[in-house]
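Architecture at a glance
The residues making up each chain are set out below.
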Amino acid sequence: MLIAQTRTLTGDNPFGVPPEHDLLRPTLDVAHYSETMYFAVADKNHPELGLFLHTGRVTEDTDLWWARTIAYLPDGELAVDRSHGRAPDDRGPATGNMAIRCVEPLRRWQLTYDGAAERSSWGASSQGVLGAGPAEVMRFDIECEAV
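What you see is a predicted model; the values in this text were computed from it and never measured. (Residues numbered from 1 in each chain as written. Predicted model: local features only at pLDDT ≥ 70, side-chain atom pairs only at ≥ 80, totals over all residues. Heavy atoms only, no water.)

What follows deals with the side chain of T55. Turning to its location among the elements, T55 is positioned in strand β2 (residues 50–58). The class of T55 is buried, set by a relative accessible area of 1%. A polar contact is formed between the side chain of T55 and the backbone oxygen of W66, at a distance of 2.6 Å. Once you skip the residues sitting within four places of it in the chain, T55 turns out to touch E35, T36, M37, W65, W66, A67, P93, M98 and I100. (Helix = DSSP H or I, 4+ residues; strand = E, 2+ residues; numbered from the N terminus. Buried < 20%, exposed > 50% of the residue type's maximum accessible area, 1.4 Å probe, protein only. Polar contact = N/O pair within 3.5 Å; in protein donor to acceptor, adjacent residues only side chain to side chain. Contact = heavy atoms within 4.5 Å.)

In this model, D75 sits at a positive phi of 60°, which is unusual for a non-glycine residue. Within the secondary structure, D75 sits in the loop between β3 (61–72) and β4 (77–86). For D75, a relative accessible area of 80% corresponds to the exposed category. Here L106, not a glycine, exhibits a phi torsion of approximately 65°, which is positive. Residue placement: L106 occurs in the loop between β5 (98–104) and β6 (108–121).

Next up on the list: the layout of surface pockets. By volume, the largest pocket is sized at about 290 Å³. What lines the largest pocket is a set of 15 residues, among which D22, M37, F39, L106 and W109 lie closest to the centre. At the level of elements, β1 (36–42) and β7 (135–145) are the ones that each hand at least two residues to the lining of the largest pocket. Counted by class, the lining of the largest pocket contains nine nonpolar, one polar and five charged residues. Across the lining of the second largest pocket, the residue classes tally to six nonpolar, two polar and four charged. (1 Å grid on protein atoms, 1.4 Å probe; cavity = no way out; pocket = protein on both sides within 12 Å on 5 of 7 lines; lining within 4 Å. Points joined across faces, edges and corners; volume = space filled by probe spheres on them. Nonpolar A, V, L, I, M, F, W, Y, C, P; charged D, E, K, R; others polar.)

Below, the structure written as structure tokens:
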């Protein structure tokens, strides 16, 4: 019988991840390269509110990023945007409306959005792709800190 041993890793960087791994790397010579990242943001004082940002490289053009930006609103409503764009540098992906910036590797990230999103619902999100319908202004600027 194999018995699993529990261990707790502590410290600022328990897995020894090199800080430069938080930055974007060149991919021009890698066929069919794929890279994605996502951020989920919740408000502990208002659990119905939150954000979900999911972004990745387009495999046919790895300098081009796609993004799905979703804001969770009260009463089961969503604000959804689909966008594409190019990152200005190695600090993180950007699509024009949305930018994810590594402020300090292994420590701080900045999530910003300034654009418009389609207002919808959880139910509609299960029926098909959202983010290209009539839109309303949406903005946020959030700083995330590693814990």
